[in-house]
Amino acid sequence: MENTTIPQENALTHYELHKADTRGHANHGWLESYHTFSFANYHNKDRMNFGVLRVLNDDRVNQGMGFGKHPHDNMEIISIPLEGDLEHQDSMGNTTVIKEGDIQVMSAGTGIFHSEYNKNQDQLVKFLQIWIYPNKKNVTPRYNQITLDLKDRHNKLQQILSPNPEDEGVWIHQDAWFHIGKFDNMHSVNYQLKKSGNGVYAFILKGDFTIGGISLNERDGLGIWDTNTFDIVANSEEAQILLMEVPMQL
């Protein structure tokens, strides 16, 4: 854990700071991926997960390239496109394209196969691949995607995922809530945790932020636990942040 000197009145009691340049890195030519947590050939015993958040991969896929058909089971898999068009196919018969503003979710459950490709020949695809341990095993596999209104995240936190199918965003088999916000410089917002015992992993998509007095830059991650609330301040224009509230117990 890395500690930073911060004002006492804003101090977070328990946190873990992951600077962008400490992530695992793999460059396969067609794919460049940064791993916040241990994945594939990157193994760090101190970076296995944050609660039920198991994988946070920051992927860039070259034109016309992608991941061939491969299996998953008993995992909630969320894809958040940041740039370009990502084509998805799966063993449930879905063939779809997701792009910025879309959120895709799969409950792998008893088992699925899927593939993901950069649909375009003239631009990169950038997306986040996130895996969450479910609170129910061997569920019937399912797929969903939605398109969000990007204006609804300007200077506020837009909910993109929850445990409730009737709530905003997609849903998963876990007591988790995700939000994305895009902020003007010096705009601040308070986050209240949804469930006691949960923690929040904050990931900076763009620009600079301060959380609880801790300075964060693009692609930095900050895990926070044993708190009910914290303040977020944007330190640059059009700064973007992803918050992932998850149970801390596996």
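The rules we used
- Residues numbered from 1 in each chain as written.
- Predicted model: local features only at pLDDT ≥ 70, side-chain atom pairs only at ≥ 80, totals over all residues.
- Heavy atoms only, no water.
- 1 Å grid on protein atoms, 1.4 Å probe; cavity = no way out; pocket = protein on both sides within 12 Å on 5 of 7 lines; lining within 4 Å.
- Points joined across faces, edges and corners; volume = space filled by probe spheres on them.
- Helix = DSSP H or I, 4+ residues; strand = E, 2+ residues; numbered from the N terminus.
- Nonpolar A, V, L, I, M, F, W, Y, C, P; charged D, E, K, R; others polar.
- Core = buried A, V, L, I, M, F, W, Y, C linked by side-chain atoms within 4.5 Å.
- Buried < 20%, exposed > 50% of the residue type's maximum accessible area, 1.4 Å probe, protein only.
- Contact = heavy atoms within 4.5 Å.
- Pairing = 2+ DSSP bridges.
- Axes fitted to C-alpha atoms, helices over the stretch in contact; angles between N-to-C directions.

Q: Which residues make up the layout of surface pockets, and what values go with them?
A: Of the voids in this model, the largest pocket is the one considered here, and its volume is about 400 Å³. What lines the largest pocket is a set of 22 residues, among which Asp58, Leu82, Lys126, Leu205 and Arg219 lie closest to the centre. Elements supplying a minimum of two residues to the lining of the largest pocket: β3 (31-35), β4 (53-61), β6 (76-83), β9 (102-107) and β17 (198-206). Sorting elements by how many residues they give to the lining of the largest pocket places β6 first, with 4 residues. For the lining of the largest pocket, a count of residues per class yields 7 nonpolar, 2 polar and 13 charged.

Q: Report on the nonpolar core, specifying residues and quantitative values.
A: Ranked by size, the top nonpolar core spans 27 residues in total, and within it Ile78, Ile130, Phe178 and Leu242 carry the most contacts. Elements with a minimum of two residues in this core: β4, β6, β9, β11 (125-132), β13 (157-162), β15 (177-183), β17 and β22 (239-247). Residue contacts for Ile130: discarding those within four places in its chain leaves Leu53, Val55, Leu56, Glu76, Ile77, Ile78, Ile80, Phe178, Leu242 and Met244. Membership of the second largest hydrophobic core comes to 24 residues, among which are Leu12, Tyr15, Ile214 and Leu222.

Q: Describe in detail the sheet that holds β11, supporting the description with residues and values.
A: Spatially, the 7 strands line up as an open sheet ordered β2-β3-β4-β11-β6-β9-β12, and their pairing is antiparallel. Strands at the two margins of the open sheet, each flanked by one partner only, are β2 (24-27) and β12 (142-147). The sheet shows a mean angle of 15° between the axes of neighbouring strands, taken without regard to direction. Inspection of the sheet shows β6 paired to β9 by 4 bridges, in the antiparallel sense. Counted as the bridge partner of Ile77 is Met106 from β9.

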